[in-house]
Amino acid sequence: MKSFKLFKKISFLANLGLIGTLGLGLQSCNDLLTENVVSRIGNDYINTAKGLNDATSAAYSTMRSWYGTERGMNLTIFGTDTYTNGADGSWKFMNTYTTDFDTRNGLLAEIWNDFYQGINTCNAIIERSAAVTGLTESVKKQRVAEAKFIRAHHYFIFTQLFGGVDLRLTETLAPTKVVKRSTVAEQYAQIIKDLNEAIPDLENKSRSAEYGRATRAAAEHLLGRVYLTKATSSAKAVDDYAKAIVNLKSVIANYGLTLLPNFADVHKQGNEMNNEVIWSVQYTRDPLTNAGGNNAHVFFGMEYDVLPGMQRDTENGRPFKRYKPTNYTLDVVFNNRENDSRYKKTFKDTYLSNKPGTYNTSFDLTKKSVTFALGDTAIFLPGYEMSEAERAKKKYQVLVPSRYDERIFPAINKHFDGGRVDRTQFEGGRDFIAFRLADTYLMLAEAQYFSGLKADAAANYNMIRRRAAWPGKENEMMVKADELTLDFIMEERERELLGEQSRWLDLARWGNLIDRVKKFNPQAAPFIKAHHVLRPIPQLQIDRAEGTSTGFPQNSGY
């Protein structure tokens, strides 16, 4: 199965002249144009068959601004109940919600720019496709459907982050200051319209013939999530959960997707194209087309490379020690380790020595020194308070929870990238799994729970929990309808989806972000306020809008 080539977003969009979407687009306009020295693509290029195809690829590439990046990760992992900040990085205020998290936040401005560039490319594809010759009508319809999928995706992320934004649905060829904030209801109506119109013309299969393109399954999965989120928004309707159920059931029933037998295999490197993946964002190993790459591999690692017997390598990662799991994550979410395999298969607990020798120990004080041959166990994190006597018997360092700090903590396995060219490379090349079937089951079960269909909800949760059970422990993992609670729903999502760019968005839609952060994230608890359920509109956007803050008001509290 081949992957289609994503055009390098910067050069393509600049050449097409599609970058002047909003006032903020002016900020990076010159940078984009000066980078465009590879080819001379005129504005009419998109009117050709190849141009339309390349424009669609360019629109897909804007997904790389969100998935697997510092931008998307900081905005979904930080400042939640399950992750807090580790030792390093200049973005800790995005976890703690201090006043440094303000309207000048550069990551928000980048997301704003990149997504609006992608939206404008989609607008051009939708408007210009009818006049393009050299493509069959079915292919043109598919490209328009893909553009509507991408546009819906971007506006959905915007709606969750910012509330009302500028709902721009026609191509903008020149910078403009004429913008306005739409209502959340208007945005949801357009998102749903785009997805409903896209679904019939997308490929009717679980995986595109050109891997990475959106399919009907991907659009239905996204539409199910849109309805699930809308159901608790200011635009909610009485049938939102029912419509979510219809779409999510279709994903499960109609496309041959299956849960992998082993949870550990879902994110196993080299297995990114597996039968559980509905849609993923493509990255490559080519530095010319990979832009900033998939960087998820650096953010969750602990500082293993300063411990005896270890040095930094590609397999164990470049540890930015950015995201540290909270005590709630380790002690509550993953407390059922006897029956549930997901703690063991989510967190890395063993490091094998890649720097043999004899060392004094300062991290595990139950022994004065340790000696390692190549490949010996050097570090073990048992995940519980192993007694000193038991630890002293081990020939390696045993790091127990009381030893955890902002540098030493369990790292998750999902994003490691051993395929990087060297141990310092930041630009990872693994695809980022954005939609997978386990999440479809979880969302379906949640929609059924809130619809009063608790027996159906329990059956779908048990699909996930049966796969997660240690062999022979399946019965112990089964949940009954009368045992379902919101706490269970919240915890089950993280047992399955920890680190997959979902948590902040989940807490925001449940309406308990503030309470959960105050309860479980000590670094953020003193600072988080009611207005933090939305992110600040980038200040440059407001400054460059006609009427500035009158024409494009800032979110309350910023």
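These numbers come from a predicted model, not from an experiment. Going along each chain's sequence as written, the residues are numbered from 1 onward. Totals for whole chains, interfaces and linings use all residues, but because this is a predicted model, local features are given only for residues with pLDDT of at least 70 and pairs of side-chain atoms are given and counted only at 80 or more. Hydrogens and water molecules were not included; the side-chain quantities draw on all heavy atoms of the structure.

As a further point, take empty space enclosed by the protein. Here a cavity denotes grid points, spaced 1 Å and computed from the protein atoms alone, that fit a 1.4 Å probe unable to get out, and a pocket denotes an open set having protein on both sides within 12 Å along at least 5 of 7 lines; residues with an atom within 4 Å of a point are the lining. Grid points are joined across faces, edges and corners, and a volume is the space filled by probe spheres set on the points. For the coordinates displayed, the defined rule picks out seven cavities of 30 Å³ or more. Lining the largest cavity are 20 residues, and of these Tyr67, Arg225, Ala434, Phe435 and Gln501 lie nearest its centre. If you list the elements that add at least two residues to the lining of the largest cavity, you get helix 7 (137-162), helix 9 (216-230), strand 13 (432-436) and helix 18 (486-497). For this classification, Asp, Glu, Lys and Arg are treated as charged, while Ala, Val, Leu, Ile, Met, Phe, Trp, Tyr, Cys and Pro are nonpolar and the rest, including Gly, are polar. Of the residues contributing to the lining of the largest cavity, the split by class is ten nonpolar, five polar and five charged. In this model, the second largest cavity occupies a volume close to 120 Å³. Along its surface, the second largest cavity is lined by 13 residues, and Asn294, Lys414, His415, Asp431 and Phe432 are the ones closest to its centre. Only runs of H or I of at least four residues qualify as helices and only runs of E of at least two qualify as strands under DSSP, and these elements are numbered from the N terminus.

With that settled, consider the pairing of strand 4 (residues 277-281). Among the five residues of strand 4, five are classified as buried, and the element is accordingly described as predominantly covered. Note: two strands are recorded as paired if DSSP finds a minimum of 2 bridges between them. For strand 4 and strand 13, the ladder comprises four bridges, and the chain directions are antiparallel. Among the inter-strand pairings, tryptophan 279 is bridged to a residue of strand 13, identified as phenylalanine 435. Only protein chains enter the accessibility calculation, which uses a 1.4 Å probe; a residue whose area is less than 20% of its type maximum is buried, one above 50% is exposed, and one in between is partly exposed.

Before going further, it helps to examine the environment of asparagine 43. Looking at the secondary structure, you find asparagine 43 in the loop between helix 2 (25-35) and helix 3 (49-61). Along the chain, asparagine 43 and leucine 173 lie 130 residues apart, while their C-alpha atoms are 9.2 Å from each other.

Moving on, we come to the packing of aromatic side chains. Any two of the Phe, Tyr and Trp rings considered here, Trp counted by its six-membered ring, make a pair once their centres fall within 6.5 Å; the pair's planes then place it as stacked at under 30 degrees, edge-to-face at over 60, or tilted in between. One pass over the full model with this rule turns up 35 aromatic pairs. Seen in terms of ring centroids, tyrosine 67 and tryptophan 279 are 6.2 Å apart; in terms of plane orientation they differ by 85 degrees. Their pairing is edge-to-face. Taken as a pair, tyrosine 67 in the loop between helix 3 and helix 4 (70-76) and tryptophan 279 in strand 4 lie far apart in primary sequence, 212 residues in all. Site record: aromatic cluster; members linked through ring pairs are Trp66, Trp112, Phe115, Tyr116, Tyr155, Phe158, Phe162 and Phe552.

Of all hydrophobic cores here, the largest spans 148 residues; its most connected members are Phe149, Phe158, Trp279, Met302 and Ile379. Top contributing element to this core by residue count: helix 7, with eleven residues. Sequence-distant contacts of phenylalanine 158, defined by excluding residues within four places in its chain, comprise Ile111, Trp112, Phe115, Tyr116, Ile119, Gly163 and Val165. Here, nonpolar core refers to any group of buried Ala, Val, Leu, Ile, Met, Phe, Trp, Tyr and Cys residues whose side-chain atoms link them within 4.5 Å. The contact definition used throughout considers only heavy atoms, calling two residues in contact when any of these lie within 4.5 Å.

Turning next to the environment of leucine 257. Tracing the sequence through the fold places leucine 257 in the loop between helix 10 (240-254) and strand 4. Using a relative accessible area of 9% as the deciding quantity, one classes leucine 257 as buried. In this view, leucine 257 contacts Ser206, Ala217, Val251, Asn275, Val277, Ile278 and Leu437; residues no more than four positions away in its chain are not counted.

This part covers the pattern of salt bridges. Salt bridges, as used here, are contacts in which a Lys or Arg side-chain nitrogen is within 4 Å of a carboxyl oxygen on Asp or Glu. By the definition in use, this model includes 47 salt bridges. Note that lysine 414 is salt-bridged to glutamate 500, the shortest N-O span being 2.7 Å. Placement of the pair is lysine 414 in the loop between strand 12 (411-412) and strand 13 and glutamate 500 in the loop between helix 18 and helix 19 (503-510), with a sequence separation of 86 residues. With respect to class, lysine 414 is no different from glutamate 500; both count as buried. Residues joined in a network through salt bridges with shared partners are Glu276, Asp340, Arg342, Lys414, Arg436, Arg465, Arg467, Glu492, Arg495, Glu496 and Glu500.

In this structure, the second largest pocket spans a volume of roughly 540 Å³. Forming the walls of the second largest pocket are 23 residues, and the residues nearest its centre are Glu315, Lys345, Lys348, Asn413 and Phe416. Elements that contribute at least two residues to the lining of the second largest pocket include exactly helix 13 (342-346), strand 6 (347-348) and strand 7 (350-352). Looking at the lining of the second largest pocket residue by residue, the classes come out as six nonpolar, seven polar and ten charged.

Another point: the side chain of glutamine 501. Among the structural elements, glutamine 501 can be located in the loop between helix 18 and helix 19. Given a relative accessible area of 5%, glutamine 501 falls into the buried group. Within the structure, the side chain of glutamine 501 is placed 3.2 Å from the backbone oxygen of tryptophan 66, a separation counted as a polar contact. Separated by 2.8 Å, the side chain of glutamine 501 and the backbone nitrogen of glycine 68 make a polar contact. Any N or O atom pair separated by 3.5 Å or less is treated as a polar contact, with the protein-specific requirement of one donor-capable and one acceptor-capable atom, and with residues adjacent in sequence counted only for side-chain atom pairs.

Looking now at the confidence of the model for the protein chain. Values of pLDDT, ranging from 0 to 100, describe the predictor's confidence in every residue of the model. Per-residue confidence for the protein chain gives a mean pLDDT of 91; residues scoring 70 or more make up 93%. Taken as a whole, residues 7-40 scores under 50 in pLDDT and shows 89 contacts with residues more than four places along the chain or in a different chain.

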